[in-house]
Amino acid sequence: MGQCGITSSKTVLVFLNLIFWAAAGILCYIGAYVFITYDDYDHFFEDVYTLIPAVIIIAVGTLLFIIGLIGCCATIRESSCGLATFAAILLLVFATECVVVVLGYIYRAKVEDEVNHSIQKVYNEYNGTNSDAPSRAIDYVQRQLHCCGIHNYSDWRNTRWFKESRNNSVPVSCCQPSISNCTGTLARPSELYQEGCEALVVKKLKEIMMYVIWAALTFASIQMLGMLCACVVLCRRTHDPAYELLVTTNSYA
């Protein structure tokens with residue numbers, strides 16, 4: 001009965017190691033996705049520490065590759081030292097992912113304040129040229145999120161670009177794609193996106209942070225199962241004389 005239990009634990013442990021390798025790739029992808037998205041929205045942020053959860057996620061993903069290798073070798077060789085190291089590293093990664101979850105919630109709560117504080121400044125810096133980073137960022141966000149202005153398209157009236165251009169028009173990035181020959185003129189507001197960008201930017205960035213949080217929670221639960229299986233195998237190997245004798249016999253055979 002004990003041998004059956006130990007074999008089952010080892011089988012689960014090997015399977016979990018394969019999951020760790022897959023998880024490593026997924027976590028690195030999520031971290032990279034956050035970085036890429038941040039690059040598109042970075043003008044709406046002043047706090048670069050928002051990227052800390054993404055950095056930790058990528059580091060954890062890289063570490064999971066190493067964990068999977070250690071776990072497989074330790075399980076196959078039935079090494080007490082290897083299994084102990086495996087469980088200790090899993091505990092460290094589990095604690096790290098708990099930190100990611102906490103930081104994710106903290107920065108998710110700060111997203112709205114960050115965007116509210118900086119979005120007016122970004123819109124005031126708009127000059128309508130592709131060579132200007134804030135202008136590219138606003139045009140990208142308005143096209144990507146199907147929005148116009150901060151709260152609605154009328155917010156453009158208060159920008160420096162609108163007053164200097166004097167053509168009673170907003171950027172063409174405010175135009176709905178289904179409308180042909182749209183020039184952004186406020187004389188035909190039905191051709192423009194009706195929703196403002198501020199709320200949509202906040203929503204998008206909060207969704208991204210939730211991806212990080214859920215990824216950390218999911219893989220933390222898997223790692224807890226891995227720690228449990230490693231501890232079961234390690235304890236049985238240490239305290240079960242019959243299992244120790246079987247391992248020794250098999251080794252000499």
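Everything here concerns the structure above.
Residues numbered from 1 in each chain as written. Predicted model: local features only at pLDDT ≥ 70, side-chain atom pairs only at ≥ 80, totals over all residues. Heavy atoms only, no water.

**A look at the state of the cysteines**
This model, assessed by the stated rule, comprises three disulfides. Across the disulfide, Cys147 is cross-linked to Cys197 (sulfur-sulfur distance 2.0 Å). An S-S torsion of about 95 degrees defines the bridge between Cys147 and Cys197 as right-handed. Taken as a pair, Cys147 in the loop between helix H4 (133–145) and helix H5 (160–165) and Cys197 in helix H6 (residues 197–239) lie far apart in primary sequence, 50 residues in all. Here the two residues Cys147 and Cys197 agree in accessibility, since each one is buried. Across the protein chain, the disulfide pattern expressed with sequentially numbered bonded cysteines is 1-6, 2-3, 4-5. (Disulfide = S-S within 2.5 Å. Helix = DSSP H or I, 4+ residues; strand = E, 2+ residues; numbered from the N terminus. Buried < 20%, exposed > 50% of the residue type's maximum accessible area, 1.4 Å probe, protein only.)

**Some points on the nonpolar core**
The biggest cluster of nonpolar side chains holds 61 residues, and the ones touching the most others in it are Leu64, Val141, Trp156, Leu192 and Val201. Of all the elements in the fold, those that place two or more residues in this core are helix H1 (2–41), helix H2 (52–77), helix H3 (80–124), H4, H5 and H6. In terms of residue count, H6 provides more of this core than any other element does, 16 residues in total. For Val141, the contacting residues outside a window of four places in its chain are Tyr41, Phe44, His146, Cys147, Cys197 and Val201. (Core = buried A, V, L, I, M, F, W, Y, C linked by side-chain atoms within 4.5 Å. Contact = heavy atoms within 4.5 Å.)

**Overview of a nonpolar patch on the surface**
A cluster of nonpolar residues, Leu18, Trp21, Phe65, Ile66 and Leu69, forms a patch on the protein surface that exposes about 470 Å² of accessible area. Those elements that provide at least two residues to the nonpolar patch are H1 and H2. Considering each element in turn, the nonpolar patch owes the most residues, three residues, to H2. Tracing the sequence through the fold places Leu18 in helix H1. (Patch = residues over 30% accessible without salt bridge, like charges linked within 9 Å, V, L, I, M, F, W, Y side chains within 5 Å. Areas by Shrake-Rupley, 256 points an atom, 1.4 Å probe, with all protein chains shown as cover. Salt bridge = Lys/Arg side-chain N within 4 Å of Asp/Glu carboxyl O.)

**Concerning H4**
The terminal C-alpha atoms of H4, which comprises 13 residues, lie 18 Å apart, in line with the 18 Å expected from a rise of 1.5 Å per residue. Residues of H4 that are buried include every one of Pro134, Ser135, Ala137, Ile138, Asp139, Val141, Gln142 and Leu145, and no others. Among the residues trailing H4, His146 stands out with phi positive, at a value near 60 degrees. (Expected span 1.5 Å × (residues − 1).)

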